[in-house]
Amino acid sequence: NAGVMQNPRHLVRRRGQEARLRCSPMKGHSHVYWYRQLPEEGLKFMVYLQKENIIDESGMPKERFSAEFPKEGPSILRIQQVVRGDSAAYFCASSLTGGHNQPQHFGDGTRLSIL
Amino acid sequence: KQEVTQIPAALSVPEGENLVLNCSFTDSAIYNLQWFRQDPGKGLTSLLLIQSSQREQTSGRLNASLDKSSGRSTLYIAASQPGDSATYLCAAPGSGAGSYQLTFGKGTKLSVIP
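The structure presented is a predicted model; accordingly, all values stated were derived computationally and were not measured.

K.L.:
Even after reading the chapter, I still don't get the packing of aromatic side chains, so can you show me in this structure?
P.N.:
Here a ring pair, both rings aromatic, is described through the centre-centre distance and the interplanar angle of the planes. All names here are of chain A. One pass over the structure, following the stated rule, counts 9 aromatic pairs over all chains. Measuring from centroid to centroid gives 5.4 Å for Y35 and F106, while their planes differ by 45 degrees, and the two rings are tilted. One end of the pair, Y35, is in strand β4 (residues 31–37); the other, F106, is in strand β10 (residues 105–106), with 71 residues separating them in the sequence. We note that Y35, like F106, is buried.

K.L.:
Please explain the interface of chain A and chain B as it appears in this structure.
P.N.:
Put simply, an interface is often sized by how much accessible area is lost when its parts join up. Between chain A and chain B, the contact holds 21 residues from the first and 19 residues from the second. Between chain A and chain B, the buried area comes to about 1700 Å², and carbon and sulfur atoms account for 52% of it. At the boundary of chain A with chain B, the tally comes to 10 residue pairs in polar contact (both at pLDDT 80 or more). At the level of secondary structure, the elements contributing two or more residues to the side of chain A that touches chain B comprise β4 and β5 (43–50) of chain A. A breakdown of the residues in the side of chain A that touches chain B according to their chemical character gives 8 nonpolar, 7 polar and 6 charged.

K.L.:
Hey, could you run me through the sheet that holds strand β6 (residues 56–59) of chain B in this one?
P.N.:
Pairing between sheet strands relies on hydrogen bonds along the backbone, with the strands arranged either parallel or antiparallel. All names here are of chain B. Overall, antiparallel pairing links the 5 strands, which are arranged β1-β3-β8-β7-β6 in an open sheet. The sheet is open, and its two borders are formed by β1 (4–7) and β6, each paired with just one other strand. For this sheet, the mean inter-axis angle between neighbouring strands, taken without regard to orientation, is 15 degrees.

K.L.:
Would you mind showing me how to read the state of the cysteines here?
P.N.:
Note: disulfide means a covalent bond formed between the sulfur atoms of two cysteine side chains. A full pass over the atoms with the stated rule returns 2 disulfides over all chains. Note that C23 of chain A is cross-linked by a disulfide to C92 of chain A, the S-S spacing being 1.8 Å. Negative torsions about the S-S bond denote left-handed disulfides, and the value of about -55 degrees found for C23 of chain A with C92 of chain A makes this one left-handed. Placement of C23 of chain A in strand β3 (residues 19–24) and of C92 of chain A in strand β9 (residues 88–95) is noted, with a sequence separation of 69 residues between them. One exposure class covers both C23 of chain A and C92 of chain A, and it is buried. Between C23 of chain B and C90 of chain B runs a disulfide, and the two sulfur atoms are separated by 1.9 Å.

K.L.:
Mind showing me how you'd approach the pattern of salt bridges here?
P.N.:
Any two side chains of opposite charge can pair, on the condition that their charged atoms come close. Using the criterion set out here, one finds 6 salt bridges over all chains in the structure. Across the pair R61 of chain B and D84 of chain B runs a salt bridge, and its minimum N-O distance is 2.8 Å. You can see R61 of chain B sitting in the loop between β6 and β7 (62–67) and its partner D84 of chain B sitting in the loop between β8 (72–77) and β9 (86–93), a full 23 residues away along the chain. Classification of R61 of chain B as partly exposed rests on a relative accessible area of 29%. Among the residues examined, D84 of chain B registers a relative accessible area of 7% and is labelled buried. A network of salt bridges, in which partner residues are shared, links E18, R20 and R78 of chain A.

K.L.:
What is the right way to read the pairing of strand β11 (residues 110–114) of chain A from this model?
P.N.:
Remember that side chains alternate between the two faces of the sheet whenever the strand is regular. All names here are of chain A. Of all 5 residues that make up β11, 4 are buried, and the element is covered over most of its length. Relative to β11, strand β2 (residues 10–13) runs parallel, the two being bridged by 4 bridges. The residue of β11 that forms the bridge with R13 is I114. The pairing of β9 with β11 spans 3 bridges and is antiparallel. Bridging from a neighbouring strand, A89 pairs with R111 of β11.

K.L.:
Quick question: what am I supposed to make of unusual backbone geometry here?
P.N.:
Residues other than glycine predominantly adopt negative phi, and peptide bonds predominantly adopt the trans conformation. All names here are of chain A. In the segment running from N7 into P8, the intervening peptide bond is cis, with an omega of -5 degrees. Within the element layout of this structure, P8 appears in the loop between β1 (5–7) and β2. Although it is not a glycine, E40 adopts a positive phi angle of roughly 65 degrees. The residue E40 is located in the loop between β4 and β5 in this model. E40 gets classed as exposed once you look at its relative accessible area, which sits at 73%. With a phi angle near 65 degrees, E52 is a residue other than glycine that sits in the positive phi range. Secondary-structure assignment places E52 in the loop between β5 and β6 (53–56). Of the residues examined, E52 reaches a relative accessible area of 56% and is grouped as exposed.

Thresholds applied
Residues take numbers from 1 onward in each chain, read along the sequence in its written order. To label them, take the chains in the order written and letter them from A, then take the ligands in the order written and number them from 1. Reporting of local features is limited, given that this is a predicted model, to residues whose pLDDT is at least 70; pairs of side-chain atoms are given and counted only at 80 or more, and all residues count toward the totals for whole chains, interfaces and linings. Excluding hydrogens and water, the side-chain figures rest on all heavy atoms present in the structure. Aromatic rings from Phe, Tyr and Trp, taking only the six-membered ring of Trp, are treated as a pair when their centres fall within 6.5 Å; an angle between ring planes under 30 degrees marks them as stacked, one over 60 as edge-to-face, and anything in between as tilted. Segments assigned H or I by DSSP are reported as helices when at least four residues long, segments assigned E as strands when at least two residues long, and all are numbered from the N terminus. Whether a residue is buried, partly exposed or exposed follows from its accessible area with a 1.4 Å probe, protein chains only, as a fraction of its type maximum: under 20%, in between, or over 50%, in that order. Contact between two residues is taken to exist if any of their heavy atoms lie within 4.5 Å; hydrogens are not considered. Computed with a 1.4 Å rolling probe, the buried area is the accessible surface lost when two parts are put together, summed over both parts. Polar contacts, as used here, are pairs of N or O atoms within 3.5 Å; protein pairs need one atom able to donate a hydrogen and one able to accept it. Residues neighboring in sequence count only if both atoms are side-chain atoms. Think of it as three bins: nonpolar holds Ala, Val, Leu, Ile, Met, Phe, Trp, Tyr, Cys and Pro, charged holds Asp, Glu, Lys and Arg, and polar takes everything else, Gly as well. Should DSSP find at least two bridges between two strands, the strands are taken to pair. Working convention: axes come from line fits to C-alpha atoms, limited for helices to the stretch in contact. Angles between N-to-C directions cover 0 to 180 degrees. Any pair of cysteine sulfurs within 2.5 Å is marked as a disulfide. A pair is scored as a salt bridge if a Lys or Arg side-chain nitrogen falls within 4 Å of a carboxyl oxygen belonging to Asp or Glu.

By themselves, these are just geometric observations and shouldn't be taken as functional.
In structure tokens form, the structure reads like this:
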């Protein structure tokens, strides 16, 4: 299956711990986007990355959140010192190019629960 | 800033009925609009992508239309089936430099009753 792969599918953390969410884009795709879906809310854009570069992180909280997309390996969304309000579904999408006519293909998401 | 609204929030129909889901957006300078399907606990499945130069796009029993001037899109589902039960999301990109940022509506939760 050459789709967008996210892992883990479910992640449980206690308050104050770190959460690491991984995303492998579709084969051949070098553009990755992260979105967050809070309960009863629509998906919200967080960050857009190309290989080794953060293009736009305007939707990401300024503190505790970081993202990377290294030359080798998956994109990582990292949340430090998690709080209850971080509980959400985090979705990754990828596209072939960054062009505005390129559809974004989504993974199945990581459901993060904070105890 | 793009804002997307979907109505109704929930819809229940008997099997076999045709139905229309509505989506409105505030920034009409969009390049395209996408409709997705989301099943409980699952990711998003892209259904249709309509380019700004198109007025509609069809895939099987699904037909999506786009009217940029009025800031509206509709998703028409013909001869609905219980397997169509899911949440349907509309997503519009921003304009200009932020055109890669998809703004999603909260979705319409569809239940098709056998």
